[in-house]
Amino acid sequence: MDHSKSSEINLEMIRRHFPALDQKVHGEKLVYLDSAATTQKPLEVIEAVDSVYRQDCANVHRGVHTLSERATARYEDVRNKVAKFLGTEESREVVFTRGVTEAMNLLANSLGSGDHALVPGDEIVIGTLDHHANIVPWQMLCEKNGTILKVIPCDDQGELVLSELDSLVTDRTKVVSIGHVSNAIGTVNDIDRVFAAAKNVGAVTILDAAQSAPHMSINPIDIGCDFLTFSGHKTYGPTGAGVLWGKLEKLEKLPPWQGGGDMIKTVSFDRSSYAEVPWKFEAGTPDIAAVIGMGAGLDFLDNVGRSHVKAHEDALLESMESKLRNIEGVRIVGEPLKRSCCISFTLDGIHPHDAATIMDQSGVAIRAGHHCAMPLMKRLGLPATIRASVGMHNGEDDIDALVDSIKAVREIFA
Amino acid sequence: MDHSKSSEINLEMIRRHFPALDQKVHGEKLVYLDSAATTQKPLEVIEAVDSVYRQDCANVHRGVHTLSERATARYEDVRNKVAKFLGTEESREVVFTRGVTEAMNLLANSLGSGDHALVPGDEIVIGTLDHHANIVPWQMLCEKNGTILKVIPCDDQGELVLSELDSLVTDRTKVVSIGHVSNAIGTVNDIDRVFAAAKNVGAVTILDAAQSAPHMSINPIDIGCDFLTFSGHKTYGPTGAGVLWGKLEKLEKLPPWQGGGDMIKTVSFDRSSYAEVPWKFEAGTPDIAAVIGMGAGLDFLDNVGRSHVKAHEDALLESMESKLRNIEGVRIVGEPLKRSCCISFTLDGIHPHDAATIMDQSGVAIRAGHHCAMPLMKRLGLPATIRASVGMHNGEDDIDALVDSIKAVREIFA
Amino acid sequence: MNDLRELYQELIIDHSRSPRNHGKLPQANLEARGHNPLCGDEIDMEVLRNADGVLESIGFTATACAICTASASIMTETLKGKEEKIARAIFADFHAKVTGEDSAAYPDELMKLEVFTGVKDYPSRVKCATLAWHTLIQALSGDPREASTE
Amino acid sequence: MNDLRELYQELIIDHSRSPRNHGKLPQANLEARGHNPLCGDEIDMEVLRNADGVLESIGFTATACAICTASASIMTETLKGKEEKIARAIFADFHAKVTGEDSAAYPDELMKLEVFTGVKDYPSRVKCATLAWHTLIQALSGDPREASTE
Ligand SMILES: Cc1ncc(COP(=O)(O)O)c(C=O)c1O
Ligand SMILES: Cc1ncc(COP(=O)(O)O)c(C=O)c1O
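The rules behind these values
- Residues numbered from 1 in each chain as written.
- Chains lettered and ligands numbered in written order.
- Predicted model: local features only at pLDDT ≥ 70, side-chain atom pairs only at ≥ 80, totals over all residues.
- Heavy atoms only, no water.
- Contact = heavy atoms within 4.5 Å.
- Buried area = accessible area lost by both parts, 1.4 Å probe.
- Salt bridge = Lys/Arg side-chain N within 4 Å of Asp/Glu carboxyl O.
- Polar contact = N/O pair within 3.5 Å; in protein donor to acceptor, adjacent residues only side chain to side chain.
- Helix = DSSP H or I, 4+ residues; strand = E, 2+ residues; numbered from the N terminus.
- Nonpolar A, V, L, I, M, F, W, Y, C, P; charged D, E, K, R; others polar.
- Near = heavy atom within 4 Å.
- Areas by Shrake-Rupley, 256 points an atom, 1.4 Å probe, with all protein chains shown as cover.
- Expected span 1.5 Å × (residues − 1).
- Pairing = 2+ DSSP bridges.
- Axes fitted to C-alpha atoms, helices over the stretch in contact; angles between N-to-C directions.
- Parallel < 35°, antiparallel > 145°, perpendicular 65-115°, else oblique.
- Left-handed = near helix turned anticlockwise from the far one by under 90°.
- Domains from an automatic or database assignment.
- Least-squares fit on C-alpha atoms with pLDDT ≥ 70 in both.
- Buried < 20%, exposed > 50% of the residue type's maximum accessible area, 1.4 Å probe, protein only.
- Lys, Arg positive; Asp, Glu negative; His and termini not counted.

Moving on to the interface of chain A and chain B. For an interface, size is often stated in terms of accessible area lost upon the parts coming together. Contacts between the two partners involve 87 residues from chain A and, on the opposite side, 87 residues from chain B. Considering only the surface of chain A that becomes buried against chain B, Tyr53(A), Arg98(A) and Phe269(A) emerge as the three largest contributors, covering 11% of it. Counting across the chain A and chain B interface gives two salt bridges. With its nearest N and O atoms 2.8 Å apart, the salt bridge here joins Arg98(A) to Glu102(B). At the junction of chain A with chain B, the criterion picks out 32 residue pairs in polar contact (both at pLDDT 80 or more). With six residues, helix α2 (residues 43-54) of chain A is the largest single contributor of residues to the side of chain A that touches chain B. Of the residues assigned to the side of chain A that touches chain B, the class counts are 41 nonpolar, 33 polar and 13 charged.

Okay, structure coming up:
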C-alpha cells in the first residue's frame, strides 16, 4: 500500500486522524473528494473544541476569573498561530471572522465608509474565476455608493486574460481583490502580475486565499497584498472561524464595521470610541471554540508540513487528471497552467447532479453544481460541473474509486 | 442535600450534565456564577458538535452526497427547533447569526438601506439599560444616515422611566429596539408598555432577548415584536450561533446585508438576485456545527423545562439577594420590580476587580466590570460592579460559596 | 446501490432521454417558469385548462437533470386529461411520498410515480423531483412569480 | 489561595489605601493619561524630568483598582530620583516578570516590585499592574496619545 511514493506523506497515519473518514456510505467505504467545500477535521481539532467546553468554558476578554483567563489566553494565542502560519510576525494583524465571506463583507463595507471611503467612479477589479464571496459584496457596495466593478476576463482554458490588465487597472482603480486558487476549476491565478498592476496604481490589494491556504504556503508579505483572508473550515478547522489578515497601518485606517461589545473603548450616548486593532473589528462574543479549533487545525497542517501536503496533492491531481482523461465521455473543464485544489469535469449527456447522486451510491463524495462561481460557469457555457477536490488524506485508492464510480454512472446511462 | 425545595429541578442530576462544573479552581470547587456572560455546555451539546465532525462533516445546502445531505438536514432542522422554542410555527422566520450582536448589526444595516430605508430625521428609540450590542450598531447607523437615537431614561432603582414614553416615541419614531432583561443589573423591562407605544406610532419593534431566552418563555407573537434575537452560547449552546427571528413579511421586505455564496439565487456581473428568506440573510458557509449544537442546547433547556428553570432561578435570586443584604458593606445595585438573570453589587471601599480576583481564589467565578453597559454604569455613577448571574445548575450551595468568598474579600481589605 | 440504480434504469433514463409532452404548447392558456436555485434546473410549463377545469394539454421545456426532466415527463403523462382538483390531490400524494412522509403504495394507475420514491433519501434531489409539479401548480394558480422548490 | 492573599495583604492594600506621590504635580514638565478599556481604570501621570534626564518628581492621580493604584504608588517611589534610562530598564524587567517571561528574583533594592509577580497568572490583572508604567513611558516619550495596556 504505497500511496506515498511521490511525497513524504504517510497516508495511513494521516487517515487515522480523521474519524469521519472511517465510515461507510450506502455500504461502501467513504471516499471524500469534497475538501474544497469543507475539509474533514482531525482529532486534534475535535478535541480542542471539546476541551474548550469541558474545561475552559467561559467568555473571553472581560472576565477576571480563571476559566475566562484560560479561554482568553487560548483564544488570543491563536492570533500568534495564525501569524506564524502566514509567516508574519505581528499578531495584531490577525482579525477573526466567520470565514472569507464575512471578511470580504467587512472589507467592502469598511473600505466603503469613513474618511478614506471609496467614492462614485472609483473602480474595483475582480476576476471572472472568483467565488461569489468575492463578487457579491463588491456588487452591493457598487450599488450603494456608485463605485464601478471591473472584471478580468477568463479564456477558454480557464486562465485570467492578464494582457487586459493594463486597460483594466487604471488610475481609477482603488481596490483589486482576487482569488488565489479557483475553487470551481482549480486554476492557480498569477496573482503576482495582478498585484503588480494594482500596486502600480496604488490600489488596495486583497487576496482570497480560501483555496490556497489549505494547499500551499501563503505569506502576505511575500505576496505583497494589503489584506488576505481564508476560512478555518477549509484548513482542517471547525466551522465558524476564519481570518482577515491586514497590514497594521491599513487596519488602523479602516473604520470598524460591526458595532457592539468588545469592539469599543468607551460608549456613551453622545459618542463612542473604538478599541484598538484587531479588536475593533470583532464585535460581540466571538466564536471562541471555533477560533481555538482553527488554531489546532493550522498546527495540524503545519505538523504534517505544507510542503509535503502540496507535493502529495500536486501528484494526486496529476494522476487524477490522467486517469480521468482515459475515461470516455469525460471532459475536463479548464486547462490551467498551474492547478491546485480540484479538477472539474462533465460527463457527456449526463447531468452533473445525476452523476453525483449515483457516485454517492458508491461512497464517492464529490460536488456537482456551479460551485458559487456562476459567472465563470456562464463564461464556460456550462450550467454545472462535477468537481473532485483533494485533501491531504486522499490517495490513489480514492482516485481509483472515483474512476470506478464514474464508470458506474456511465453504465447506468449507457 | 435538598437544594430543590422551591422547584422541580433536580440539581444533582442536572450538574452531571455539565462536565466543566466538575473541576477545581485554585484547589477549590468551581462555583460558576457567570452564566450571563456565557452558559456552561451540557454533554448533549458537546456531543452534538462532536458528532457533526465525526460523522456528518460536510458543507451544507449545495452538496448532493450523503454527508452533505445529513449535515444539511441537521442544520435546517434547527430552524424547526428554534421555531418551537419560540412557540412559533414558521421555520423560515428563523435566521442564523453568530449571536445578538451580529443580528443587531444586520437589522441596523438592513433597516438603513433599500427601498424602505430609514431617512435623516427618523428616530430610533433604545433604553438606558441596554447592552452595547443594542447601542453601538444604531449609533453607527445614525452617524451614517442622519437618523437620531433617543434613549428611554433609567431611574435610580434601575427601572426604565416609562412615563417618558409618550414624549420619546412619536411619529418620527421608526424603530424601537429594547433589551428584555438587563445583563448588567437584572431588571426585567416592561416591554409590553414599550412595544405598545411603538405600535401606536407604527414603529418596527425589536427585542434583544439575550438575557431572557435562557430564563423564561419568549414568544414573539405574544410579545408582539417584529424581530427578536438571542445568542445560542447563552442558552447552553456553543459559541458561534444565535438567532434573528423576524416576521416573515418583515424579513421579506428587508434587503440582505452580507453578500456571498448561499444567499443568492443567481449571480452575474450585470445583476445578481437573492435567495428566499431566511437564506438571503445567511451569506457564506455558516457555523454548521454551532447551529446544530444550539439546537441541542434548546432541546436541553426545554427538556429540563423553562418553567422549572425559571421557578428555580427566581427562588435562587431571591435567596441570593437576602443573603447579600445581610453582608456588611455590600450594596446591591438597582432594585428592579422584576428581576431575572443576575444581581449586581459593590463592596464599600473595594474595587470590583480586586474582589473578582480574590473571589476567584475561592473558586467563585463572577464578573466585574461595566458589563458592556457603560451608559447605565454612568447613569448609576459607578465605574464597575460585581455581577453574580445564575444558570439552571446553580444552587444554595453556590450562593453560600459566594457569600463566603465575599467575606474573604472583606477580611483581606479589613 | 441497487435501489437507486434501478430507479435510474427503469423509467427515469428513458423519460429523461425522450421526454413526453416536451415542447411549446401554442394553445396554452396558463404558464409558469420554475427554477431550482441550488442546481440551476430550469423548467417552463404550459397548460391548456378548459372551462370544466380539465387539464386538456400540458407541455414543458427544461434544462435540467434526469430526475427533473423525467419527473416532468411522467407528470404530464399522468395528469393530462385529469381535472385540476384531481391533479392537485395527486401532487399532494406525490409530495408526501417523495419526502418520506407517506410510505403507502400508489394506486395502480399512478404506479409510474413510484420510481421517484427512492429520492426521499436525497433531500436535495427531492427538489428535482418536485420542481415540475411546483411549477404546474404555480401555472394553475395564475401566480406570475417564478416557482421555486424552497 | 495563600499567594494572592499575601499579595493583597502585604503591600498592595497599604499602597492602594495610602498611595505615595498621589496628587497633582504643578512643576511637572511631562504628562500622560492612561486608560484600561477592559476595566475602566484611569490614571494621570505627571513627571518632572530635569536636564540630566533624572526623574526628579513623579505624581499621579487614579481611579482604579488596588493593584493598579498600588502599582502606581510603588512605581513612583521606586523611580523617583532615577535616570530615565534606568527607569525604562526597570520597566522592561518588571514587565518581563509580571508576564511570567522572566522568573528571576529582583535585586534587593527593587524587592518591593516582587509583590506584583503573583498577577502573572491573571493576564487581565497584568494590565492593572502595568498601566501606571505604560503611562509613565508614554509621558517620557512625549507621546500625546492616551496610554493603553493593549
Ligand atoms: C475561493 C473561495 N472564496 C471564498 C469562499 C467562501 O468561504 P466561506 O464560505 O468559508 O465564507 C470559498 C468557499 O466556499 C471559496 O472556495
Ligand atoms: C442583553 C445582551 N444583549 C446582547 C448581548 C450580546 O450578545 P453576543 O455577545 O452573544 O452577541 C449580550 C451578551 O453579552 C447581552 O447580555
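Still to come is the rest of the account.
Turning next to the site of ligand 2. Residues in close proximity to ligand 2 total 14 residues, the closest being Thr285(A), Thr101(B), Asp208(B), Ser231(B) and Lys234(B). Nearby residues around ligand 2 are contributed by chains A and B. Within the contact set of ligand 2, a nitrogen atom lies 2.6 Å away from a side-chain nitrogen or oxygen of Asp208(B). In the model, an oxygen atom of ligand 2 is placed 2.7 Å from a nitrogen or oxygen of the His233(B) side chain. For ligand 2, whose unbound accessible area comes to 390 Å², protein coverage reaches 95%.

The end-to-end C-alpha separation of helix α3 (residues 66-86) of chain B is 31 Å, in line with the 30 Å expected for 21 residues at 1.5 Å each. Taken from the residues just after α3(B), Gly87(B) is the one with a positive phi, measuring 80 degrees.

Quick look at the sheet that holds strand β5 (residues 123-127) of chain B now. Residue and element names in this part refer to chain B. Taken in spatial order, the seven strands of this open sheet run β4-β10-β9-β8-β7-β5-β6, and their pairing is mixed. One side of each edge strand has no neighbouring strand; the edge strands of this open sheet are β4 (94-97) and β6 (148-152). The average undirected angle you get between the axes of adjacent strands in this sheet is 20 degrees. In this structure, β5 lies alongside β6, joined through five bridges in parallel fashion. Opposite Gly-127, over in β6, you have Ile-152 as the bridge partner.

Further remarks concern the packing of helix α3 (residues 66-86) of chain A against helix α10 (residues 288-304) of chain A. Residue and element names in this part refer to chain A. For the pair α3 and α10, the least separation of the axes is 9 Å and the interaxial angle reads 40 degrees. The orientation of α3 with respect to α10, classified from their angle, is oblique. The hand of the α3/α10 crossing is left-handed. When α3 is examined against α10, the residues Ala-71, Arg-74, Tyr-75, Val-78, Lys-81, Val-82 and Phe-85 are found in contact with a partner set consisting of Ile-288, Val-291, Ile-292, Met-294, Gly-295, Leu-298, Asp-299, Leu-301 and Asp-302. The residue inventory of the contact of α3 with α10, partitioned by class, reads eleven nonpolar, one polar and four charged.

Turning to the domain arrangement of chain A, a few remarks are in order. Residues and elements named next belong to chain A. Per the domain assignment, the segments of chain A are domain 1 (11-42 + 305-412) and domain 2 (46-302). Each of domain 1 and domain 2 was reduced to a C-alpha centroid, and the two centroids are 28 Å apart. Residue-level contacts link 41 residues of domain 1 with 37 residues of domain 2. In this assembly, domain 1 packs against domain 2 so that about 3,300 Å² is buried in total across both faces, 56% of it on carbon and sulfur atoms. For the pair domain 1 and domain 2, the interface holds two salt bridges. Its salt-bridge partner being Asp-302, residue Arg-306 comes within 3.1 Å of it at the nearest N-O pair. If you list the elements that add at least two residues to the side of domain 1 that touches domain 2, you get α11 (306-325), β14 (342-347) and α13 (374-380). The dominant element in the side of domain 1 that touches domain 2, judged by the number of residues it contributes, is α13, at six residues. Classifying every residue of the side of domain 1 that touches domain 2 gives 20 nonpolar, twelve polar and nine charged.

A few words on the relation of the copies chain A and chain B. What relates the pair of chain copies is a rotation about an axis plus a shift along that axis. For the match of chain A to chain B, the screw axis carries a shift of 0.0 Å, the RMSD comes to 0.0 Å, and the turn is 180 degrees. The operation mapping one copy onto its partner corresponds to a two-fold rotation axis. Among all residues of chain A, the one whose C-alpha sits closest to the rotation axis is Gly240(A), at a distance of 3.0 Å. Mapped onto chain B, 100% of the interface residues of chain A again fall at the interface, so both copies present the same surface.

All names here are of chain A. Considering the arrangement of structural elements, one finds Asp-208 in strand β8 (residues 204-208). In this structure, Asp-208 is buried with no salt-bridge partner, the nearest side chain bearing the opposite charge being Lys-234 at 8.4 Å. A distance of 2.9 Å separates the side chain of Asp-208 from the backbone nitrogen of Ala-210, its partner in a polar contact. For Asp-208, the contacting residues outside a window of four places in its chain are Val-100, Met-104, His-131, Asn-134, Ile-178, Gly-179, His-180 and Thr-229.

Glancing now at the pairing of strand β17 (residues 385-389) of chain A. Look at any regular strand and the pattern is simple: side chains alternate between the two faces of the sheet. All names here are of chain A. Among the five residues in β17, five count as buried, and that is most of the element. In the sheet, β14 pairs with β17 via four bridges, with the strands oriented antiparallel. Looking at the pairing, Ile-343 lines up with Ala-388 of β17.

For the rest of this paragraph, the subject is the interface of chain A and chain C. With 16 residues of chain A in contact, the opposing surface of chain C contributes 16 residues. For the pair chain A and chain C, the two sides together bury roughly 1,500 Å², of which 59% comes from carbon and sulfur. Where chain A meets chain C, there are one salt bridge. Arg125(C) is the salt-bridge partner of Asp354(A), the closest N and O atoms lying 3.1 Å from each other. Linking chain A with chain C are nine residue pairs in polar contact (both at pLDDT 80 or more). Listing elements by their share of the side of chain A that touches chain C, those giving two or more residues are α12 (352-361) and α14 (396-412) of chain A. Tallying contributions element by element places α12(A) first for the side of chain A that touches chain C, with six residues. Residue classes in the side of chain A that touches chain C are distributed as six nonpolar, seven polar and three charged.

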